[in-house]
Amino acid sequence: MGEAADIQGTGPSPARRWLRRTITVAVGAPLLAGLLQAPAASPAAAAEDATGSKTVDVSLDTLTPSAPVDGDTVTVSGTVTNRGKKTVTDATVNLRVGPQMTSRSEIDQVSDRTGFRSDSDPAPLGEAPSIEIPRLGAGLSKEFSLSVPVSELGLDESGVYQLGVSLTGQTSDQRYDRVLGIERTFLPYQPDAAEKKTQVTYLWPLISSAHVSAETGTDDQQTPVFEDDDLAAELRPGGRLDQMVSLGKNLPVTWVIDPDLLASVDAMANGYRVKDGTVHVPGPNQAVAERWLDALEKAIQGHKVVALPFADPDLASLAHRGKDVPGSLGHLQSATSLAAMTVETVLHVQASTDFAWPADGAVDPSIVAVATSAGADKVIARSDSVRDDLSYTPTAARPLGNGSTTAVVSDALLSTAFEGDMVRAENSTLAVQEFLAQSLAITLEQPDKQRSVVVAPQRVPTASQAQTMATALRGLSARRWSEPLDLLAAAAAKPDPDASTTVPGSSRYPKKLRDRELPVQAFRDMKTTRDELDDFRVILTLPDRVVTPFGNAINREMSTSWRGQARAAAVYRNDVLEYLQDLTESVQLVDKSDLTLSGRSATIPVTVHNQLLQGVDHLVLRLTSGNKNRLELNGEGYAELPVKINAGHSQSVKFTATANVNGQVPMTAQLYTEDGTPYGQPMTFNVKVSEITATVMLVIAGGVLLLVLAGVRMYSQRKRVAARNAEADAEAEKAEEAAEAQEAEEAAANGVTEPVTELRDVEADEPEQPSDPTPDTGPESSDPSGTGEKVDR
């Protein structure tokens, strides 16, 4: 038509056409520049990026009050930072309020936006103050603070409003005003109390990871040994668990507690030891634990307390990987029975044990079945698992499956509101405002109908996350659209008839959660440890000293806290099993060398050594012959004798053996419990049988007789020789006396006496004559014996 008009001479003049082209180029230039910078952007993204609205980062660090009423003044403070490479000039920081949010999903969508949207972001408040920033260099920041009365915000009625802070300015390369940065949050506005307030149940979890080993001291108190002293850092003033207690005591919450945490801190308070390499050193933080327990006991007064099964077992892992391993469900039963007793012993309060809480509230039929197998009849699920196809948020409680189980379905958006890094003030502020906005939106969905919602946050909040959660709950303290309700009352609330009661199928279980579960091997390791513990306990005179610490350690092996820590979990399980095996091997058979059995019967001793600090009983030692025909034990192929040994002692068990045939016989000694279960490793040795027959006895007797006869003969011979020698001496003495007498007579006749006497004296000193008898035994010779000669040794 323009062409026709020109032909007809009715079109615009050349001057007007030139002006139109100039305006078009001026307006289109920045748009063209934006398109050239992001040619592949979607229409929505193009609308955001066309003005370069991500050049400046706008951070909202504080917003007070978080839920204003008439007469309040809203103050927003934060920082603007130039993230671009060009200097920003002639900038202005403005507030933008509106529009009102009409649904929870719209709030969720707005929170995901980053850049400026001209089609949805409102214009700056005309009468609100603004901040002028003449110049902001690349990489530089500037703080701001804006305050405006509620009356000037344009809040017409109760609802959730978008609140934005934007920076409008120019850059050195583009000299025209445009939005260079924006941050959005939400302003919940409920000036008057709602007629039907939403009942909000907030779970306040006190859960930690496993810190206590299976080892204990040798003292009567069995001082526990900790794997590390990391728990003390959480308990100290300012630590994570300290913050949870100091913040939670003044909040309308339901405490959800892992009894293992209480047991661990109580153990610290009564004295503990910590592993330091291969030794155990005294734990230095006993006073820290005492202070925390005292503060917790005071904090929970007047609150409901829910006790999870001991060590917070991973129900999904048990359902998907462990239930087919024999005995695994028994661990859950023992953990559940221990829960209430532990809480009452440490905190002196009655705790409910009716609730099961799968990881992230994700459920399927097998998880529900396992969760309720140990006595719990209520499951804390989450709305992103049990989904409701409704235009509003229904009450959390509803029957699940066949109706025997109550599901308490926590709200997914509220429950995940404080995940992530809450150390940064901006993240914390935005999370609080979105939480309050979502809670008000729930009330406004059906203002004439009261509903109950449950918030189940992350199991182990950091200190900053806990502080942010507390700030959000304080924002609800005015109770203009909500009121607190404990978990037990929430579970008993009247269900919404339109709420879903269907358990989602196994295929809908999130893969990212399944990938973090404990493997099947973990449950096999637990079974091995439990089986060895059962075999060990029956022989102990004080079994509780072993059963209790190891039973608790096995429960810790199944903890939800091991998710994503597969290696650390495997190391813990291995340490527990190795320590148990070290104890069982402290009762063992002492190795025995081979024996030689000379005779038809003998006693075979076998020694059992007990290195434990307690006595052992109800053991039987069985000795088995490898060849019954060659060597019998009590007329059989084996024999059994009872074993009972005091602490630190040994016992020698003696078996009577009977030999039948010569030869070597292998023997096996094995300990058994009284029910016939082998205990420990067998010990083997050999017995060499050397039987002594009647013929051998006759030969030996004959040899002895010959020796006796030879001795008698030698004695007789020596006696005869001695008699002959005595007779010869007597005859010689008589002859000598006769000769002397004759000489004396002759001398007397001749009158000579003295010379004869002197001669006798001289003759007495002369050596023996050849006629003297020879000695019985000659001198010993050093020469070698001759051939055939016998030598007595």
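What comes next concerns the included structure. Just so it is clear, the structure is predicted and the values come from calculations on it, not from any experiment.

**A short note on the overall build of the protein**
- Scanning the protein from terminus to terminus reveals 21 helices and 29 strands.
- Burial analysis of the protein (793 residues in total) assigns 44% to the buried set.
- In the protein, the proportion of contacts linking residues at least 24 apart, taken out of those at least 6 apart, comes to 77%.
- When the accessible surface of the protein is split by element, carbon and sulfur atoms take 51% of a total near 40400 Å².

**Section: the sheet that holds strand β27 (residues 650-659)**
- With antiparallel pairing, four strands are arranged side by side in an open sheet as β21-β23-β27-β25. Only two strands of the sheet have a single partner each, and these edge strands are β21 (587-589) and β25 (631-633). Across the sheet, the axes of successive neighbouring strands diverge by a mean angle of 35°, strand direction being ignored.
- Where strand β23 (residues 601-610) and β27 come together, nine bridges link them in antiparallel fashion. Across the sheet, Thr603 pairs through a bridge with Thr656, a residue of β27.

**Side note on the side chain of Thr198**
- Inspection of the secondary structure assignment puts Thr198 in strand β8 (residues 198-206).
- The residues contacting Thr198, other than those within four sequence positions of it, are Ile442, Thr443, Arg451, Val453, Trp481, Ser482 and Glu483.

**Overview of the environment of Met469**
- Structurally, Met469 can be placed in helix α14 (residues 463-475).
- Note on Met469: relative accessible area 0%, which makes it buried.
- As for Met469 and Phe418, which are separated by 51 residues in sequence, their C-alpha atoms are 6.8 Å apart.
- When sequence neighbours within four positions are dropped, the list of residues in contact with Met469 reads Tyr202, Trp204, Phe418, Pro457 and Pro461.

**So, the sheet that holds strand β6 (residues 159-171)**
- With antiparallel pairing, four strands are arranged side by side in an open sheet as β4-β3-β6-β7. Two strands bound the open sheet, and with one partner strand each, they are β4 (131-136) and β7 (174-189). Along the sheet, successive strands turn relative to each other by an average axial angle of 25°, direction set aside.
- Here ten bridges tie strand β3 (residues 88-101) to β6, and the two strands are oriented antiparallel to one another. For Arg96, the partnering residue across the bridge sits in β6 and is Gly164.
- Across the sheet, helix α13 (residues 425-445) touches β6 and β7, and the angle it forms with β7 is around 55°.

**With respect to the pattern of salt bridges**
- Throughout the structure, instances matching the rule amount to 25 salt bridges.
- Close ionic contact of Asp57 with Arg83 constitutes a salt bridge, the shortest N to O distance being 3.8 Å. Taken together, the residues span a long stretch of sequence, with Asp57 in strand β1 (residues 56-64) and Arg83 in the loop between β2 (73-82) and β3 at a distance of 26 residues.
- Accessibility expressed as a relative area gives 25% for Asp57, which makes it partly exposed.
- Through salt bridges that share partners, Asp314, Arg321, Glu517 and Arg563 make up one connected network.

**Describing the packing of helix α4 (residues 104-112) against α13**
- Two numbers describe how α4 lies on α13: the axes approach to 9 Å, and their chain directions differ by 160°. Comparing the axis directions of α4 and α13 gives the class roughly antiparallel. Along this stretch, α4 crosses α13, giving a crossing that reads as right-handed. The residues of α13 that touch α4, namely those facing Arg104, Ile107, Asp108 and Ser111, are Glu434, Ala437, Gln438, Ala441, Ile442 and Glu445.
- Broken down by class, the residue content of the contact of α4 with α13 amounts to four nonpolar, two polar and four charged.

**A look at a negative patch on the surface**
- Side chains of Asp534, Asp535, Glu674 and Asp675 sit close together on the surface and give a patch of like negative charge.
- Looking at the secondary structure, you find Asp534 in helix α17 (residues 520-537).
- Of the residues examined, Asp534 reaches a relative accessible area of 30% and is grouped as partly exposed.

**Remarks on the nonpolar core**
- Judged by nonpolar contacts, the single largest core of 75 residues is most densely connected at Phe536, Phe550, Leu621, Leu623, Leu631 and Met667.
- With six residues, helix α19 (residues 566-584) is the single largest residue contributor to this core.
- Dropping the residues within four chain positions of it, Phe550 is found in contact with Ala214, Leu533, Val576, Tyr579, Leu580 and Leu583.

**Brief notes about the pairing of strand β12 (residues 273-276)**
- With two bridges joining them, strand β10 (residues 224-226) and β12 adopt parallel strand pairing. Residue pairing across strands places Val225 opposite Arg273, the latter belonging to β12.
- As paired strands, β12 and strand β13 (residues 279-282) are joined by four bridges and run antiparallel to one another. Along β13, the bridge assignment pairs Val274 with Val281.
- Count of turn residues in the β12/β13 antiparallel hairpin: two residues, of which Gly277 carries a positive phi of about 70°.

**Details of the environment of Ala91**
- Relative to the helices and strands, Ala91 resides in strand β3.
- Overall, Ala91 belongs to the buried group, its relative accessible area being 1%.
- Separated by 78 residues in sequence, Ala91 and Gly169 place their C-alpha atoms 3.9 Å apart.
- With sequence-adjacent residues up to four places away left out, Ala91 is seen in contact with Ile131, Glu132, Ile133, Leu167, Thr168 and Gly169.

**Topic: helix α9 (residues 315-322)**
- In terms of burial, α9 is largely enclosed, as six of its eight residues are buried.
- Where α9 is buried, its residues contact α10 (328-347), β15 (355-356), α11 (365-371) and α17.
- Near the N-terminus of α9, the side chain that reaches the backbone nitrogen of Ala316, with its oxygen 3.3 Å away, is that of Asp314.

Rules of the game
Residues numbered from 1 in each chain as written. Predicted model: local features only at pLDDT ≥ 70, side-chain atom pairs only at ≥ 80, totals over all residues. Heavy atoms only, no water. Helix = DSSP H or I, 4+ residues; strand = E, 2+ residues; numbered from the N terminus. Buried < 20%, exposed > 50% of the residue type's maximum accessible area, 1.4 Å probe, protein only. Contact = heavy atoms within 4.5 Å. Areas by Shrake-Rupley, 256 points an atom, 1.4 Å probe, with all protein chains shown as cover. Pairing = 2+ DSSP bridges. Axes fitted to C-alpha atoms, helices over the stretch in contact; angles between N-to-C directions. Salt bridge = Lys/Arg side-chain N within 4 Å of Asp/Glu carboxyl O. Parallel < 35°, antiparallel > 145°, perpendicular 65-115°, else oblique. Left-handed = near helix turned anticlockwise from the far one by under 90°. Nonpolar A, V, L, I, M, F, W, Y, C, P; charged D, E, K, R; others polar. Patch = residues over 30% accessible without salt bridge, like charges linked within 9 Å, V, L, I, M, F, W, Y side chains within 5 Å. Lys, Arg positive; Asp, Glu negative; His and termini not counted. Charge placed at Lys NZ, Arg CZ, Asp CG, Glu CD. Core = buried A, V, L, I, M, F, W, Y, C linked by side-chain atoms within 4.5 Å. Polar contact = N/O pair within 3.5 Å; in protein donor to acceptor, adjacent residues only side chain to side chain.

None of the figures reported here should be taken as evidence of function without further support.
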